[in-house]
Amino acid sequence: MALLNWWQPLRKMLIAPAVLGRNGVLGMNARNRLYISRYNNRAFYPLVDNKLKTKRLAEQFDIPVPELIDVIESQHQVADLQRYLQLLNSFVIKPSKGSGGKGILVLQGRDGDHWIKSSGALVSLQEIQRHVSNILAGLYSLGGTPDVAIIEHCIQFDQSLVGFSHEGVPDIRVIVCRGYPVMAMTRLATHSSDGKANLHQGAVGVGISLLTGKAIFGVMQGQRVKIHPDTGEDLARLQIPHWQTVLELAARCYDVTGLGYLGTDVVIDAERGPMLLELNARPGLAIQMANGQGLLPRLRKIDQLSHAEIRKPVAERVRLSQQWFAD
Amino acid sequence: MIKRNLPYALLVLVLLAAGIGQILHRHWVFDVPLLPGESQSIWSVEAKLEFTAHGEPVRVRLATPDSQPGFMVLRDSGASPGYGLNFIQGEHSAAEWTKRSAEGRQVLFYRVDLLESDAHDLMTEKAPPIMQASWPEPYASAVAQVVKEAYSTSADHFSLTRELLKAFEAEPKAQHVQLLVSQYHDKLPGLLVNMLNMAGVPARVVYGLRLQDGRRQQLLEPYIRVWQGQSSQVFDVPLQQRNPALFDPDAPLLLWEQRGDPVIDVTGADNSQLRFSMIRKEESAFASVANRLSDQHELLNFSIHSLPVEEQAMFKTILLIPIGALVVCLLRVLVGIKTSGTFMPVLIALAFIQTSLITGLVGFLVVVATGLVIRSYLSRLNLLLVARISAVIITVIAIIGLFSVAAYKFGLTEGLKITFFPMIILSWTIERMSILWEEEGPREVVKQGGGSLLTAVLAFWAMNNPLIQHLTFNFIGVQLVVLALVLILGTYTGYRLLELRRFVDMETR
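This part is about the overall build of chain A. Scanning chain A from terminus to terminus reveals 13 helices and 13 strands. Relative to the compact-globule value of 20 Å for 327 residues, chain A shows a C-alpha radius of gyration of 21 Å, a close match. In terms of overall dimensions, chain A has a C-alpha envelope of 70 × 50 × 40 Å along the principal axes. Out of the 327 residues belonging to chain A, those deemed buried represent 44%. Once local pairs closer than 6 in sequence are excluded, the contacts in chain A between residues at least 24 apart make up 63%.

Let us now look at the overall build of chain B. Counting secondary structure elements, chain B contains 16 helices and 12 strands. Viewed in the frame of its principal axes, chain B has a C-alpha envelope of about 95 × 60 × 50 Å. Counting the 509 residues in chain B, one finds 32% classified as buried.

To continue, consider the sheet that holds strand β2 (residues 58-63) of chain B. All names here are of chain B. If you trace the four strands from one edge of the open sheet to the other, you get β4-β5-β2-β11, paired in antiparallel fashion. What marks the edges here is a single partner per strand, and that holds for β4 (84-88) and β11 (264-267). Each neighbouring strand pair of the sheet contributes to a mean axis angle of 10 degrees, computed without reference to strand direction. When β2 meets β11, the two strands line up antiparallel, connected through four bridges. Across the sheet, the residue bridging to Val 60 is Val 266, located in β11.

Take the domain arrangement of chain B next. Per the domain assignment, the segments making up chain B are domain 1 (41-125 + 206-283), domain 2 (129-201) and domain 3 (317-504). Taken over C-alpha atoms, the centre of domain 1 of chain B sits 39 Å from the centre of domain 3 of chain B.

Residue and element names in this part refer to chain A. Positionally, Asp 158 belongs in the loop between β6 (149-153) and β7 (171-177). Distance from Asp 158 to Tyr 254, taken between C-alpha atoms, is 26 Å for residues 96 residues apart in sequence. In contact with Asp 158, not counting residues within four places along its chain, are Pro 241, Ile 268 and Ala 270.

Turning our attention to the domain arrangement of chain A. Residue and element names in this part refer to chain A. For chain A, the assigned domains read domain 1 (25-51 + 159-324) and domain 2 (67-153). Each partner contributes to the interface: domain 1 provides 10 residues, whereas domain 2 provides 10 residues. Looking at the side of domain 1 that touches domain 2 residue by residue, the classes come out as one nonpolar, four polar and five charged.

Below, the discussion takes up the interface of chain A and chain B. Taken together, the contacts link 24 residues of chain A with 24 residues of chain B. When residues of the side of chain A that touches chain B are traced back to their parent elements, those giving at least two are α2 (17-22), α3 (28-39) and α8 (125-137) of chain A. Along the lines of polarity and charge, the residues of the side of chain A that touches chain B split into 13 nonpolar, eight polar and three charged.

Attention now moves to the packing of helix α8 (residues 321-335) of chain B against helix α13 (residues 442-464) of chain B. The geometry of a pair of packed helices is captured by two quantities: the angle between their axes and the separation between those axes. Residues and elements named next belong to chain B. One way to put it is that α8 packs onto α13 with a least axis distance of 9 Å and a crossing angle of 135 degrees. Regarding the angle of α8 to α13, the classification is oblique. The two elements α8 and α13 cross, and the hand of that crossing is right-handed. Only Thr 455, Leu 458, Ala 459, Ala 462 and Met 463 of α13 make contact with α8, whose side of the interface consists of Ile 323, Gly 324, Val 327, Val 328 and Leu 331.

Glancing now at the packing of helix α1 (residues 6-28) of chain B against helix α15 (residues 477-489) of chain B. All names here are of chain B. Viewed as axis vectors pointing N to C, α1 and α15 meet at an angle of 155 degrees, and their least axial separation amounts to 7 Å. Considering their axes alone, α1 and α15 lie roughly antiparallel with respect to each other. In this structure, the crossing between α1 and α15 has a hand that is left-handed. Counting all contacts with α1, which are made through Leu 11, Val 12, Leu 15, Leu 16, Ala 18, Gly 19, Ile 20, Gly 21, Gln 22 and Ile 23, the residues of α15 involved are Gly 477, Val 478, Leu 480, Val 481, Leu 483, Ala 484, Leu 487 and Ile 488. Grouping the amino acids of the contact of α1 with α15 by side-chain chemistry returns 14 nonpolar, four polar and no charged.

In this section: helix α5 (residues 188-198) of chain B. Taken together, the buried positions of α5 of chain B are Pro 189, Leu 191, Leu 192, Val 193, Met 195, Leu 196 and Met 198 of chain B. At the C-terminal side of α5 of chain B, Gly 200 of chain B shows a positive phi close to 85 degrees.

Turning next to α3 of chain A. The first and last C-alpha atoms of α3 of chain A sit 15 Å apart over 12 residues, in line with the 16 Å expected at 1.5 Å per residue. Among the residues of α3 of chain A, Asn 29, Ala 30, Arg 31, Leu 34 and Tyr 35 of chain A are the ones counted as buried. Buried residues belonging to α3 of chain A abut β12 (261-269) and α11 (296-303) of chain A together with α8 of chain B.

A separate point is unusual backbone geometry. For the bond running from Glu 137 of chain B to Pro 138 of chain B, omega is 5 degrees, close enough to zero to count as cis. The backbone of His 242 of chain A shows a phi angle near 50 degrees, a positive value even though the residue is not glycine. With respect to the secondary-structure elements, His 242 of chain A resides in the loop between β11 (223-225) and α9 (243-257). One non-glycine residue with positive phi stands out, namely Gln 217 of chain B, at about 55 degrees. Along the chain, the position of Gln 217 of chain B falls in the loop between β7 (203-210) and β8 (221-228).

Now for the confidence of the model for chain B. Residue and element names in this part refer to chain B. For chain B, the mean per-residue pLDDT works out to 82, and 91% of the residues sit at or above 70. Mean pLDDT across the elements of chain B bottoms out in helix α6 (residues 285-293) (49) and peaks in α8 (94). A low-confidence stretch, residues 292-296 stays under pLDDT 50, and its non-local contacts, those more than four residues away or across chains, total two contacts. In the predicted assembly, ipTM is 0.80 and pTM is 0.73.

Conventions and cut-offs
Residues numbered from 1 in each chain as written. Chains lettered and ligands numbered in written order. Predicted model: local features only at pLDDT ≥ 70, side-chain atom pairs only at ≥ 80, totals over all residues. Helix = DSSP H or I, 4+ residues; strand = E, 2+ residues; numbered from the N terminus. Rg over C-alpha atoms; globule rule 2.2 N^0.38 Å. Buried ≥ 20, exposed ≤ 12 C-beta atoms within 10 Å, placed from the backbone. Contact = placed C-beta atoms within 7 Å. Pairing = 2+ DSSP bridges. Axes fitted to C-alpha atoms, helices over the stretch in contact; angles between N-to-C directions. Domains from an automatic or database assignment. Nonpolar A, V, L, I, M, F, W, Y, C, P; charged D, E, K, R; others polar. Parallel < 35°, antiparallel > 145°, perpendicular 65-115°, else oblique. Left-handed = near helix turned anticlockwise from the far one by under 90°. Expected span 1.5 Å × (residues − 1). pLDDT = per-residue confidence, 0-100.

Okay, here's the thing in structure tokens:
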């Protein structure tokens with residue numbers, strides 16, 4: 001009996017490994033060893049770790065990306081930043097080798113000498129210069145190596161998604177394994193995530209049905225949510241526009257990069273439709289919580305595909321994925 | 001799933017078999033015990049004698065230690081390419097190296113293995129003759145007064161010596177003692193012997209070492225041997241310059257030379273320098289006797305123990321690092337603890353071994369916390385990355401210097417041990433924590449910092465465990481077993497303990 005007594009509270013805190021296994025949840029060790037190190041060739045990592053390279057690659061293959069305005073490569077350009085920015089009203093500055101959404105500055109409007117952040121806060125030219133200088137020094141890059149800053153056009157996100165995201169652009173994460181989309185979610189910024197779409201910073205993750213592009217349900221800080229905490233919008237009404245194009249765009253990234261286990265981040269622009277924001281060779285595991293479903297059964301299905309099936313055209317692969325992973 | 005591949009399984013099996021085989025071989029054939037304490041400790045002490053020769057015939061005589069209370073001499077040997085070497089046995093045992101012509105810097109090694117045992121007495125030696133020394137005034141009267149006071153409060157030679165030493169140790173010192181200390185500071189052992197002679201007590205300066213495991217570059221220290229009739233005792237000399245963080249007054253004392261003869265005598269060369277390294281190992285008494293009888297197993301007995309003692313002492317620490325790495329592997333792969341810098345906790349744990357756990361933890365927290373405060377100011381200066389980290393390194397060194405001095409002033413000699421911390425690693429830790437604080441907030445800093453410290457403490461416990469230290473040093477095979485375990489861990493694809501918590505809601509679909 002004494003044994004049962006300490007086991008009970010522990011049961012609420014921990015889940016039995018057998019139950020996780022039955023649900024097909026992919027763990028960190030399995031992801032690293034069975035998927036990332038098996039399907040992702042190290043030589044191709046720079047293509048996704050460096051956003052400038054990703055952008056140029058995507059442009060070569062006619063994959064739409066947010067339009068590049070300028071690249072700041074050296075400190076002396078920082079002093080001249082005024083010249084680059086004076087005509088711009090809205091733009092995004094991001095480190096080329098940043099990870100996890102670090103160091104991204106989104107400016108959506110202008111107020112005299114200042115720019116306006118998505119949260120409404122004003123940013124001066126000096127603050128932007130300091131930010132760019134930090135990016136060049138490698139503050140946000142993997143391993144602290146020197147970096148370049150990218151200035152690109154700010155996305156005007158699609159009308160149908162207004163209300164689902166607070167002070168930030170919602171993006172859609174699709175996990176693509178060997179060219180087949182296997183799972184998707186959208187990340188909605190909240191006030192507590194400070195306009196960022198990172199789940200561990202407090203954004204809402206909403207699992208998206210591969211078949212329909214409709215929301216499954218949302219999670220925030222590990223808890224299930226039905227409405228957006230800031231806007232009160234009913235998450236069940238969420239429908240990603242241009243869903244088929246989103247999936248095809250994501251699936252094509254495999255052909256372009258050669259990476260067999262890929263996280264693709266897509267945004268939907270009001271005028272230009274779905275655009276590739278960035279790629280990730282080490283996509284996180286939180287997508288399983290937003291879908292209430294483990295990745296492993298789907299990944300095992302893909303593991304068994306023959307080489308001929310891997311080389312099918314994009315539209316065909318997307319159709320098969322939607323058929324296999326409909327629920 | 002990845003197919004179980006044969007070469008990998010074979011590699012792991014071969015490593016395990018070789019490792020366990022080596023352990024058993026050493027255990028059975030060489031009788032090395034698997035548990036510490038089953039055997040007597042053996043101290044290997046190595047003298048490294050350096051001098052500069054000038055092309056003339058060289059003769060070097062080094063006094064060698066004899067069995068004494070606490071130690072029994074098991075075997076000794078010398079290493080010296082190109083030199084003739086003679087061990088002179090008997091009354092005045094010594095090693096004597098000779099060479100017709102030597103040029104430049106020369107290095108000679110002498111090594112002795114000592115069994116911890118109380119079966120022996122000090123070498124019987126007739127009391128030396130009493131010598132009457134004289135001092136100039138005002139020192140003569142100061143000497144006379146100190147001796148008179150000590151004489152009046154004592155009963156025999158030994159208690160007189162204790163009283164005399166007490167006068168020099170007392171704080172504050174009497175005025176006449178202070179006078180003597182300031183004049184004869186460097187020659188205190190000789191002064192004490194002369195003062196004892198003045199009181200009619202035969203005494204001599206002898207030289208010895210405090211044996212502390214893994215010490216290198218040690219110098220002989222003077223002690224005073226005092227006779228009363230046939231019996232004699234050894235006394236410590238007060239007011240010696242010692243690093244209080246390193247010196248352990250309770251360590252066993254080995255008298256290198258018991259009679260008062262010169263320790264080294266070099267002719268035909270100059271600039272001689274004598275330094276000692278020492279290390280403790282476990283061997284059964286039987287094996288040590290067997291080794292003493294024949295050294296022909298040396299080739300089979302391929303181990304760290306065939307290296308010079310100085311290198312062995314280094315390896316004693318180095319061989320523990322794989323244990324720390326294994327702990328990190330376990331915690332990251334099986335538990336999923338986040339640390340700042342993958343193997344930083346191992347280096348911190350190594351520092352903890354030197355400093356002791358509590359001192360180390362306090363020191364680490366103080367340095368990192370102070371560093372974070374200063375780093376938060378640096379981040380406002382908007383410096384370039386490399387300059388900023390360099391500034392943090394300099395700051396960390398300043399902090400460590402400041403705390404050492406402050407701790408010493410307050411009489412906390414423990415505080416001096418803070419210098420054992422790897423400063424570059426600390427600086428990177430501060431830099432990473434600081435960026436983490438700015439980007440993810442203090443919660444993540446506490447999480448990763450706590451994870452690093454927890455890992456460091458667990459690694460420290462593993463590496464500081466006497467059993468593990470005994471096994472890693474005495475059985476090289478342990479390294480192969482650790483390697484095999486790490487290879488096995490590298491293929492683990494199951495869940496981490498913390499993932500069971502992270503995915504706790506996955507059940508209710």
